[in-house]
Amino acid sequence: VSKIMLHWIIMIAGLIISFILLVKGADFFVDGCVSIARLLRVPDLIIGLTIVAMGTSAPEAAVSISSAVSNSENAGITVGNLLGSNLLNILIILGVSAVIVPISVQSSLLKKDFPLLLGSAIIVPLLFITGGMRGTRFSGFVLEIMFIIFMVWTVINANTSRKTVIDRREDQQPDEKPLSVPKSIIYAVGGLAVVIGGGQLAVYCAKDIAHGIGISESLIGLTVVALGTSLPELITSVVSARKGKSDLALGNVIGSNLFNILMVMGLSMIIAPFDVTMKNVIDSLCVLAASIICYVFAATRKKIGRAEGMVFILSYAVYLTYIIARDVI
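What counts, and where the lines are drawn
- Residues numbered from 1 in each chain as written.
- Predicted model: local features only at pLDDT ≥ 70, side-chain atom pairs only at ≥ 80, totals over all residues.
- Heavy atoms only, no water.
- Helix = DSSP H or I, 4+ residues; strand = E, 2+ residues; numbered from the N terminus.
- Buried < 20%, exposed > 50% of the residue type's maximum accessible area, 1.4 Å probe, protein only.
- Contact = heavy atoms within 4.5 Å.
- Areas by Shrake-Rupley, 256 points an atom, 1.4 Å probe, with all protein chains shown as cover.
- 1 Å grid on protein atoms, 1.4 Å probe; cavity = no way out; pocket = protein on both sides within 12 Å on 5 of 7 lines; lining within 4 Å.
- Points joined across faces, edges and corners; volume = space filled by probe spheres on them.
- Nonpolar A, V, L, I, M, F, W, Y, C, P; charged D, E, K, R; others polar.
- Patch = residues over 30% accessible without salt bridge, like charges linked within 9 Å, V, L, I, M, F, W, Y side chains within 5 Å.
- Salt bridge = Lys/Arg side-chain N within 4 Å of Asp/Glu carboxyl O.
- Axes fitted to C-alpha atoms, helices over the stretch in contact; angles between N-to-C directions.
- Parallel < 35°, antiparallel > 145°, perpendicular 65-115°, else oblique.
- Left-handed = near helix turned anticlockwise from the far one by under 90°.
- pLDDT = per-residue confidence, 0-100.
- Phe/Tyr/Trp six-rings, centres within 6.5 Å; stacked < 30°, edge-to-face > 60°.

> Hey, could you go over the overall build of the protein for me, with residue numbers and the actual values?
Helix and strand content of the protein: 12 helices and 4 strands. Classification of the 329 residues of the protein by burial places 49% in the buried group. Across the protein, the fraction of contacts at a sequence separation of at least 24, relative to all contacts at a separation of at least 6, is 86%. Within the structure as shown, the protein displays about 14,900 Å² of accessible surface, and the carbon and sulfur contribution to it stands at 70%.

> Account for empty space enclosed by the protein, with residues named and values stated.
Per the stated rule, a full pass over the model turns up 1 cavity of 30 Å³ or more. The calculated volume of the largest cavity comes to roughly 40 Å³. The set of elements that each furnish at least two residues to the lining of the largest cavity consists of helix H4 (72-100), helix H5 (107-130), helix H10 (246-271) and helix H11 (278-301). Ranked by residues supplied to the lining of the largest cavity, first place goes to H5 with 3 residues. In terms of residue class, the lining of the largest cavity is made up of 5 nonpolar, 4 polar and no charged.

> Give a detailed account of a nonpolar patch on the surface, specifying residues and quantitative values.
A contiguous nonpolar surface patch, about 430 Å² in accessible area, is contributed by Leu39, Leu40, Val181, Ile185 and Val189. Note that Leu40 resides in helix H1 (residues 2-40). We classify Leu40 as partly exposed; its relative accessible area is 42%.

> Which residues make up the packing of helix H9 (residues 231-242) against H10, and what are the values?
For the pair H9 and H10, the least separation of the axes is 6 Å and the interaxial angle reads 155°. Taken together, H9 and H10 sit at an angle that is classed as roughly antiparallel. The handedness of the crossing between H9 and H10 is left-handed. The segment H9 lies against H10, with Glu233, Thr236, Ser237, Ser240 and Ala241 engaging Ser246, Leu248, Ala249, Asn252, Val253 and Ser256.

> Could you give an account of the confidence of the model for the protein, with specific residues and numbers?
Averaged over every residue, the pLDDT of the protein is 82; the share at 70 or more is 86%. Highest mean pLDDT in the protein belongs to H11 (93); lowest belongs to helix H8 (residues 217-229) (64). Across residues 169-175, where pLDDT falls below 50, the model places 8 contacts with residues more than four positions away in sequence or in other chains.

> Go over the packing of H1 against helix H2 (residues 44-56), please, and point to the residues and values.
Remark: H1 packs on H2, axes separated minimally by 10 Å, with the N-to-C direction vectors making an angle of 135°. Considered as vectors, H1 and H2 are oriented oblique to each other. The element H1 and its partner H2 pack so that their crossing is right-handed. The segment H1 lies against H2, with Phe29, Cys33, Val34, Ile36 and Ala37 engaging Asp44, Ile47, Ile51, Val52 and Thr56. When its residues are assigned to classes, the contact of H1 with H2 shows 8 nonpolar, 1 polar and 1 charged.

> Requested: an account of the packing of aromatic side chains, with residues and values cited.
In this structure the tally under the stated criterion is 7 aromatic pairs. When the ring of Phe114 is compared with that of Tyr295, the centres are 5.6 Å apart and the planes differ by 65°; the resulting orientation is edge-to-face. Taken together, the residues Phe114 in helix H5 and Tyr295 in helix H11 connect sequence positions 181 residues apart. Residue classification places Tyr295 among the partly exposed residues on the basis of a relative accessible area of 29%. Measuring from centroid to centroid gives 5.5 Å for Phe297 and Phe312, while their planes differ by 50°, and the two rings are tilted. Here Phe297 is found in helix H11, whereas its partner Phe312 is found in helix H12 (residues 306-328), with 15 residues between them in sequence. Chaining the aromatic ring pairs together yields one cluster made of Phe147, Phe150 and Phe259.

> Break down unusual backbone geometry for me, citing the residues and quoting the values.
In this structure, Met133 is a non-glycine residue whose phi angle is positive, near 55°. As for its position among the elements, Met133 is in the loop between H5 and strand E2 (134-135). Here the phi dihedral of Lys302 falls at roughly 55°; this positive angle occurs in a residue that is not glycine. Here Lys302 shows up in the loop between H11 and strand E4 (303-304).

> Give me the lowdown on the pattern of salt bridges, citing residues and values where you can.
Charged atoms that come close allow side chains of opposite charge to pair. Under the counting rule described, the total for this entry stands at 6 salt bridges. Residues Asp27 and Lys24 are paired through a salt bridge, measuring 3.9 Å at the closest nitrogen-oxygen approach. Placement of the pair is Asp27 and Lys24 together in helix H1, with a separation of 3 residues, close to one helical turn. What makes Lys24 partly exposed here is its relative accessible area of 43%. For Lys243, the salt bridge goes to Asp31, with nearest N and O atoms at 3.0 Å. Linking Lys243 in the loop between H9 and H10 with Asp31 in helix H1, this pair joins segments that are 212 residues apart in sequence. Through salt bridges with shared partners, a single network forms among Lys24, Asp27, Asp31 and Lys243.

> Can you tell me about the environment of Leu22, naming the residues and giving the values?
With respect to the helices and strands, the residue Leu22 is situated in helix H1. Looking at Leu22, the relative accessible area reads 0%, which means it is buried. With 176 residues separating them along the chain, Leu22 and Gly198 place their C-alpha atoms 5.2 Å apart. Not counting residues within four places of it along the chain, the set of residues in contact with Leu22 comprises Val195, Gly198, Gly199, Leu231 and Ile235.

Here it is in structure tokens:
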């Protein structure tokens, strides 16, 4: 009995430690990325769309691509996870961030990045259906081309935004000065490593606790693991929002979604083409619906407020109820 009790204490302590690591790691990661943005004279939004987004999506990318390499059947499961992660990014991560601190939306984001997000959400179900319910290599190449367009677009935007950023930061306050180059890199890389490590520890401990309580494997996968693998994005976006860096929070979510769909899913299709189920198509349509709602909210008042955040969270609760019911039935 004492061994069982000790095991439970270790797992609960591990879960608490993992959340502390996630919060502190994200703190350092955001500070490092903001400092890099200032040193390079690049807008926070661009950093959010690229470095932060790819960094926080690293765990999903590693798992998805390695599973595609090892087994083509796993690739189909991976796609379901990627679509689920994108839904979680919009509905939970943006929802929670907006409830904590309302997120302001730049016009450039509505004109340049949201259309790509909507485009990627539209093309996935189209590729599934036109590909004969199969993720083909052709579809993979289409997604990779879209990813290259997104990256080129982002780099061009970064260059055109430099002058504005330089002008705006000429009169920057002393307490807003960036960290040194080595310190910025250590903060960003070290913070990201701690966030990823904390996320993995959280998933491991939560799975163990869930098994102990008697929750089924499928339910653990749909809830604990899905949320656990998205913890880096969630913590980073929430910390960014609390620091008043809503550009970083929103850029992180949009960038992560584009990275997951265009780069990771595209590469998985190229490595190992796979069969698509009707569940995958429905999930991809749910991602499209969430993306459209997000765009409507953002475009209406150029702000995602607390009320919109609550709508996102409640929408995810409805989706979660649906996938649990469909899994049981």
